[in-house]
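Here are the chains, one letter per residue:
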Amino acid sequence: MDQQIGFASLGDRRVAYATVGSGRAIVLPPWWVSHVSEDWGTVRLRQFVEALARDRRVVRFDRVGTGASDGERPVGEFTLDVEVATLAAVVDALELDSFALLGISCGGCTAARYAAREPERVERLVLYGSYADGRRLGTVDVRLGMVDVVRASWGLGARVLTEIFMPGAEPAERAAFAAFQRSSAGRDTAARLLELIYGSDVTVDLTRVTAPTLVLHRRLDRAVPFRLGAEVAALLPAAEFGELEGEAHLPWHGDETSVIAASAAFLGIPAPLADEASGADRLGELSGREREVLQLVARGLTDPQIARELILSPHTIHRHVANIRTKLRLPSRAAAAAYAARSGLL
């Protein structure tokens with residue numbers, strides 16, 4: 001799919017947004033630093049958005065101070081209310097009377113506050129990897145230390161955040177994401193956004209949300225602990241809570257199919273199917289180790305058995321299997337085994 005770039009006005013500044021697909025809109029507030037032009041080249045993110053855009057119009061945008069939006073953002077404007085105002089500016093520019101919101105990570109705070117304030121415009125709400133109170137993301141020392149690292153050395157800070165967001169990713173993928181963060185926002189902006197994330201509290205807003213809501217959270221998420229997602233679901237008057245396996249914070253890493261399937265079902269989007277006919281072309285995306293693991297999966301070995309065979313931990317094997325399924329777009333371990341057999345890997 002091709003995306004269209006446009007600009008909304010927030011006072012005298014421009015907010016860059018991107019739209020993909022057609023139909024009723026799903027709006028994704030920024031989940032961290034972003035660049036709607038550059039991140040479209042990220043295969044995993046693009047596949048995730050395209051899955052949502054099967055018969056919907058998916059809208060993403062960059063905060064002022066990040067990505068393709070204007071770069072000037074005064075210190076006093078790093079507030080959640082400005083985040084909500086930015087969201088409002090984008091949906092107004094697109095003349096969206098009603099839409100669904102998908103709040104990922106800190107974007108969940110923006111989505112929740114907007115949904116509480118504008119209930120007539122939010123049809124449905126999905127919150128993934130979200131939290132109610134940013135102060136619960138870590139102790140005072142941890143939060144201050146993370147901000148200090150980013151402010152003192154954005155290169156080091158970007159690498160630390162990458163390890164938290166996407167553990168288990170290939171080294172090249174981690175390096176690319178760390179570089180992407182630095183190109184999407186300057187050091188001071190990134191540090192102030194972290195302060196905004198840690199200072200956001202939507203506890204009361206969540207109790208006032210009336211839209212049907214789905215809360216999704218991975219059990220081993222390192223950036224936002226699982227218990228915080230459970231708290232979000234408990235605060236909402238009526239919410240479904242989906243417990244997902246995995247440790248990656250970004251939904252398009254790890255087992256992305258479970259996130260897409262749950263979100264699509266809740267939002268009424270046709271469930272994406274594994275494209276097995278063209279799957280052979282994606283074998284080249286697997287690392288040598290992943291191909292080795294896939295062969296053993298196809299032989300019917302369990303994770304502990306594969307771990308003993310390759311002298312690795314079962315946790316590492318579980319991560320490899322999840323990555324294999326993501327890269328090949330296969331919905332289950334059994335599908336991966338069948339695919340390997342058809343592809344002649346046995």
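Residues numbered from 1 in each chain as written. Predicted model: local features only at pLDDT ≥ 70, side-chain atom pairs only at ≥ 80, totals over all residues. Heavy atoms only, no water.

(A) The sheet that holds strand β8 (residues 239-244), seen in detail. Taken in spatial order, the 8 strands of this open sheet run β1-β2-β4-β3-β5-β6-β7-β8, and their pairing is mixed. The sheet terminates laterally at β1 (3-10) and β8, the two strands that pair on one side only. Ignoring which end each strand starts from, the neighbouring axes of this sheet average 20° apart. Alignment of strand β2 (residues 13-21) against strand β4 (residues 57-61), held across 5 bridges, turns out to be antiparallel. For A18, the partnering residue across the bridge sits in β4 and is R60. Where helix α1 (residues 43-52) meets the sheet, its contacts fall on β2, β3 (25-28), β4 and β5 (99-104), and the angle it forms with β4 comes to roughly 140°. Sheet strands in contact with helix α10 (residues 256-267) are β3, β5, β6 (122-128), β7 (213-218) and β8, and its direction is about 175° off that of β7. (Pairing = 2+ DSSP bridges. Helix = DSSP H or I, 4+ residues; strand = E, 2+ residues; numbered from the N terminus. Axes fitted to C-alpha atoms, helices over the stretch in contact; angles between N-to-C directions. Contact = heavy atoms within 4.5 Å.)

(B) Examining the packing of aromatic side chains more closely. What the rule picks out here adds up to 7 aromatic pairs. Between W32 and W154 the ring centres are 6.4 Å apart and the planes differ by 90°, which places this aromatic pair in the edge-to-face class. Of this pair, W32 sits in the loop between β3 and α1 while W154 sits in helix α5 (residues 154-165), placing them 122 residues apart in sequence. Among the residues examined, W32 registers a relative accessible area of 4% and is labelled buried. Looking at W154, the relative accessible area reads 8%, which means it is buried. In this structure an aromatic cluster arises from ring pairing among W31, F48 and W252. Its end group placed over the ring of F78, R73 keeps NZ or CZ at 4.5 Å from the ring centre. The positively charged end of R219 is found above the aromatic ring belonging to F226, 5.7 Å away from the centroid. (Phe/Tyr/Trp six-rings, centres within 6.5 Å; stacked < 30°, edge-to-face > 60°. Buried < 20%, exposed > 50% of the residue type's maximum accessible area, 1.4 Å probe, protein only. Lys NZ or Arg CZ within 6 Å of the ring centre and 35° of its normal.)

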